[in-house]
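# Structure at a glance
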Amino acid sequence: MKHLLCALLLLVSAALWARQAPQTPPQNTAAAQTAADDAYAQEIISRFGAVETLQSKFTQEKHLALLTEPVESKGAFAFSKKGAQLRWEYTEPFQNGFLMDGGKTYRLEKGVKKTVKGVMSRNTAAQMLVWLTFDLKTLSETYDISYFEGGVTLTPKNDKNRLLDKITVWFAKDNPQALSEIRMDEPGGDYTLLRFYDTHINGPLPKDAFL
């Protein structure tokens, strides 16, 4: 009985001490993460907002469930903020692409410009311009944006007629104003992977880049 009373006294004392001891307030991890994301977003806006001209080469891999090997192609693009100009052109295995010059969009077939009539083609070209220049403000209107070290994930806000499940963007480690990869995942499991290399920021562009 004596030992039982001692044990009860110890338990009561421990309970009283626990009630009286100062409690460490729990950290608001959600608020801290939001603040970190906001700071990261501002950093990205500052970095890419300073890009006036951009040119790069790229490889593209189209991964299809029906094929054992990806469909590969190569090309290059050039961008000028002045006039909102973008030339995106595949050079291998076929020569085609598109050209945006202000409010006009053209198809490129073996280097020859042809007027684009379809709204979807114009929208696709406009989306590519936003992704490559990483216009975060415009992207946030269409996508939910989540951040990770070295990149971001874009998830379409509208599920209706969704063509892509998500877009993952990686920034170049050696050049914070450039992209290293873009992966576009489709609802059925197929995906396209773009890898950029030989990228030049704010340098002179060829005189015929947008002709």
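So, here's what we can say about the structure. (Residues numbered from 1 in each chain as written. Predicted model: local features only at pLDDT ≥ 70, side-chain atom pairs only at ≥ 80, totals over all residues. Heavy atoms only, no water.)

### Remarks on the environment of Leu-139
Within the secondary structure layout, Leu-139 lies in helix H4 (residues 136-142). Considering only alpha carbons, one finds Leu-139 and Thr-155, 16 residues apart in sequence, at a separation of 10.0 Å. Once you skip the residues sitting within four places of it in the chain, Leu-139 turns out to touch Val-130, Trp-131, Phe-134, Ile-145 and Leu-154. (Helix = DSSP H or I, 4+ residues; strand = E, 2+ residues; numbered from the N terminus. Contact = heavy atoms within 4.5 Å.)

### Re the sheet that holds strand E2 (residues 71-80)
Ordered in space as E6-E5-E4-E3-E2-E1-E11-E10-E9-E8-E7, the 11 strands form an open sheet in which the pairing is antiparallel. Taken across any chain shown, the strands that pair with only one partner, and hence form the sheet edges, are strand E6 (112-115) and strand E7 (143-148). Averaged over all pairs of adjacent strands, the angle between strand axes in this sheet comes to 25°, irrespective of strand direction. Where strand E8 (residues 151-156) lies against strand E9 (residues 166-172), four bridges are found, and the strand directions are antiparallel. (Pairing = 2+ DSSP bridges. Axes fitted to C-alpha atoms, helices over the stretch in contact; angles between N-to-C directions.)

### Some words on the nonpolar core
Core analysis: the largest hydrophobic core is formed by 38 residues, its most contacted members being Trp-88, Trp-131, Phe-134 and Ile-182. Per-element tally for this core: the top contributor is helix H3 (residues 119-133), with six residues. Setting aside residues up to four positions removed in sequence, Phe-134 forms contacts with Ile-44, Phe-48, Leu-139, Val-152, Val-169, Phe-171 and Leu-179. Core analysis: the next-biggest nonpolar cluster, separate from the first, contains six residues, Ala-78, Tyr-106, Leu-108 and Ala-209 among them. (Core = buried A, V, L, I, M, F, W, Y, C linked by side-chain atoms within 4.5 Å. Buried < 20%, exposed > 50% of the residue type's maximum accessible area, 1.4 Å probe, protein only.)

### What to know about helix H2 (residues 29-49)
Between the first and last C-alpha of H2 there are 30 Å, a value that for 21 residues agrees with the 30 Å anticipated at 1.5 Å per step. By the burial criterion, the buried members of H2 are Asp-37, Tyr-40, Ala-41, Ile-44, Arg-47 and Phe-48. Down the axis of H2, the smallest arc covering the buried residues is 125°, so these residues share one side. In H2, those exposed residues whose orientation departs by more than 90 degrees from the buried face are Gln-42 and Ser-46. (Expected span 1.5 Å × (residues − 1). Arc of directions from axis to C-beta.)

### Points about the packing of aromatic side chains
Tallied over the full model, the rule gives 11 aromatic pairs. Ring centres of Phe-58 and Trp-88 lie 4.1 Å apart, and the angle between their planes is 15°; on these two criteria the pair is classed as stacked. Here Phe-58 is found in strand E1 (residues 53-63), whereas its partner Trp-88 is found in strand E3 (residues 85-92), with 30 residues between them in sequence. Note on accessibility: Phe-58 and Trp-88 belong to one class, buried. (Phe/Tyr/Trp six-rings, centres within 6.5 Å; stacked < 30°, edge-to-face > 60°.)

### Comments concerning unusual backbone geometry
Peptide bonds are trans in most cases, and residues, glycine excluded, mostly fall at negative phi. Residue Pro-93 is bonded to the preceding Glu-92 through a cis peptide linkage, with omega at -5°. Of note, Lys-110 is a non-glycine position whose phi angle comes to about 55°, a positive value. Tracing the chain through its elements places Lys-110 in the loop between strand E5 (104-109) and E6. Although it is not a glycine, Asp-198 sits at a positive phi angle of roughly 50°. In this fold, Asp-198 is placed in strand E11 (residues 191-201).

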